[in-house]
Each structure stands twice: as C-alpha cells, then as structure tokens.
Amino acid sequence: MSLAQIQNARPETAIVLGSGLGGVAEAFGIECEVPYAEVPGLSASTVPGHAGRFVLARHHERPILIAQGRRHLYEGLSAAEVTAGIRFMHEIGVKRVVLTNAAGAIDEQFHVGGLMLITDHLNLQGTTPLLGGPNFHDMSEVYSRAWAEKFHAAAVEIGLKLHAGVYAGLLGPQYETPAEIRMLHRLGADAVGMSTVPEAIQARALGMEVAGISMLTNWAAGLRPQTLHHAEVVEVGKTASLYLARLLKAVM
Ligand code: HPA
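Notes on the structure follow. None of the values given here were measured: they were computed from a predicted structure.

Rules of the game
- Residues numbered from 1 in each chain as written.
- Predicted model: local features only at pLDDT ≥ 70, side-chain atom pairs only at ≥ 80, totals over all residues.
- Heavy atoms only, no water.
- Helix = DSSP H or I, 4+ residues; strand = E, 2+ residues; numbered from the N terminus.
- Expected span 1.5 Å × (residues − 1).
- Bend = angle between axes of the 7 residues up to and from the residue.
- Buried < 20%, exposed > 50% of the residue type's maximum accessible area, 1.4 Å probe, protein only.
- Contact = heavy atoms within 4.5 Å.
- Near = heavy atom within 4 Å.
- Polar contact = N/O pair within 3.5 Å; in protein donor to acceptor, adjacent residues only side chain to side chain.
- Areas by Shrake-Rupley, 256 points an atom, 1.4 Å probe, with all protein chains shown as cover.
- Axes fitted to C-alpha atoms, helices over the stretch in contact; angles between N-to-C directions.
- Left-handed = near helix turned anticlockwise from the far one by under 90°.
- Nonpolar A, V, L, I, M, F, W, Y, C, P; charged D, E, K, R; others polar.
- Phe/Tyr/Trp six-rings, centres within 6.5 Å; stacked < 30°, edge-to-face > 60°.
- Lys NZ or Arg CZ within 6 Å of the ring centre and 35° of its normal.
- Salt bridge = Lys/Arg side-chain N within 4 Å of Asp/Glu carboxyl O.

Our focus in this paragraph is helix H7 (residues 230–251). An ideal rise of 1.5 Å per residue puts 32 Å on 22 residues; H7 measures up with 29 Å between its terminal C-alpha atoms. Along its length, H7 reaches its greatest deviation from straightness, about 40°, at Ala-240. Those residues of H7 that fall on the buried side of the exposure criterion are Val-233, Val-234, Gly-237, Ala-240, Ser-241, Leu-244, Ala-245, Leu-247, Leu-248 and Val-251. Buried-residue contacts for H7 involve strand S1 (13–17), strand S5 (96–105), strand S6 (115–124), helix H4 (145–157), strand S7 (162–170) and strand S9 (209–219).

Here it is in structure tokens:
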C-alpha cells in the first residue's frame, strides 16, 4: 500500500480524526493505509489514542482521505510541524477538510457524549502556522457557513442533536483549571481543546473549505465534581465515534 495510491485517487475531501475518534475510519470502506512515517515531512504521533496514518476510504465511489491521528503543539512541535498534513492534503488536491477533535464542554446547554459543530475559534495557543511572513489572511469565516448548513441538515436527517459553538484552542497538555474555564466562558468559548486551530488556520490560508466538529467527551474543569483523565476522554470518544461516523457519512 503506497502513498502513490493515495495521490492517484485524487481525493478532494479529507477528514482529520482526533483523540479516540480513529474508529470513524472503519465506518467507511478502507482502500489503503499509509503510516505518517512514510509521508515526507510527517512523523508518527506520540499520543495514546492516535493511530498516526492516512487512510484512503471510499464513500459512494468518492475517495476520501482520512488522517487517523494528528500531531499537537503540546508534543513540543511547532505550528508549522503540526500542520504538515494539511499542506500535504492541499498538495495532492484536497479542497475541503473536516477537522474533528475531543473537547471539554463549557456551554451548560450541551451534553457530554454529544457533538458540537465549530462556528468559530479562539486561538489561545500563542502561535500560528503562518509565522514567518506577512501572511495577513482573512479569518472572518474560517469554518464554512455553507458547509455548516449541510451538517445541520444531515443531523436533522439522521435524528442527531448537533450543538454549535466557539472552540477555544489552548496549548495544553495539562487540562485547564476551573478559573481558566470561567475565563474561557466569559471570552465566549463553548468548548475547549488542544488542537484543530493551527490546522484550521493553515487550511483557510491555502483556500480550503473547513468544517470542525468537537466530540464533547467531558465537562470542562470545575463544571462538575470530577477529575479529568485522558483514558476517559478516549473512551467517551470511542462510543460517540459511531454518531460522528453517521453524521460524516450523511454529509458526504
Ligand atoms: N480540555 C482540553 N482538552 C480536552 C478536554 C478538556 O476538557 N477534553 C478533551 N480534550
């Protein structure tokens, strides 16, 4: 199975799967798999719950490139490094990408185990993949409104409750303090996580259409009597992957 197979298939749509969401790939017909280590500029993930490979899938004859697992800034990488996969996608002709992640729920209207369509983000990671040049890209619609409408319509079609809100991207890797969550709430965040923002910025800067979906794996710190564990985040993500897979298939 090779990289050439992926390139030759010319997928125009890609999906990046976050923590514990790797199982979504199995819901599509898998044609071939290529470990990131075999892609120039990419390297394997160090995070449990992240597989670290590209999967070429097919849905209604259409090729879809699925990135199973991503790299994070908290691994000590630069924003340019964590977005190498997005630039690879763009190079091989991908025009639209769905970025998924696991996130903590801040909005009390949400439910844990549910999905939130990202309407906008707060970049609180202190960096950007566009560093190094006068890259004054417009970010007034990072997440495509037209595509969001299709997600909402698909959710209605399959009877799935799809929340919508603002994703705050933090550096991590520690989870937030309750005071930080209160601050994020006041800043307008509805969910919090440690990924997605650099990829969304990079994809938009390259002119790709972007959608973002957060799997709400837990209440953010301080909202409920609890402590946060990565293993639980991955576990909730696995169960809720089934809903995510159904939603993605309905949209594609
Ligand atoms: N905070 C940050 N990242 C996360 C969380 C959280 O509560 N849950 C899953 N990823």
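Back to the text.
The environment of the ligand is formed by Ala-102, Ala-103, Gly-104, Tyr-175, Glu-176, Val-192, Gly-193, Met-194, Thr-217, Asn-218, Leu-228 and Val-233. Between the ligand and the protein, one listed contact pairs a nitrogen atom with a backbone N or O atom of Gly-104 at 3.4 Å. A distance of 2.7 Å separates a nitrogen atom of the ligand from a polar side-chain atom of Asn-218. The protein chains hide 95% of the 260 Å² of surface that the ligand would expose on its own. Every element with two or more residues in the shell around the ligand is listed here: S5, strand S8 (191–193) and S9.

This paragraph deals with the packing of H4 against H7. Helix packing for two helices is described by the angle between their axes and how far apart those axes are. Taken N-terminus to C-terminus, the directions of H4 and H7 make an angle of 115°; their axes are 9 Å apart at the nearest point. The chirality of how H4 crosses H7 is right-handed. Packed against H4, whose contacting residues are Trp-147, Lys-150, Phe-151, Ala-154 and Ala-155, the element H7 presents Leu-247, Leu-248, Ala-250 and Val-251 at the interface. Split by residue class, the contact of H4 with H7 holds 8 nonpolar, no polar and 1 charged.

On to the packing of aromatic side chains. Under the counting rule described, the total for this entry stands at 3 aromatic pairs. The positively charged end of Arg-224 is found above the aromatic ring belonging to Trp-219, 4.1 Å away from the centroid. Sitting over the ring of Phe-28, Lys-249 keeps its end group 5.9 Å from the ring centre.

What follows deals with the pattern of salt bridges. Scanning the entire structure with this criterion turns up 7 salt bridges. In this structure, Glu-33 and Arg-53 form a salt bridge, with 3.9 Å as the shortest nitrogen-oxygen distance. Residue Glu-33 is located in strand S2 (residues 29–35), and its partner Arg-53 is located in strand S3 (residues 53–59); the two are separated by 20 residues in the primary sequence. With a relative accessible area of 26%, Arg-53 lands in the partly exposed category. The shortest N-O distance in the salt bridge between Glu-75 and Arg-71 comes to 2.8 Å. Its relative accessible area of 13% is what places Arg-71 among the buried residues.

Here helix H3 (residues 84–91) has its buried residues at Ala-84, Gly-85, Ile-86, Phe-88 and Met-89. Phi turns positive one or two residues past the end of H3, at Gly-93, with a value near 105°.

The quantities given are spatial measurements derived from coordinates; they are silent on function.
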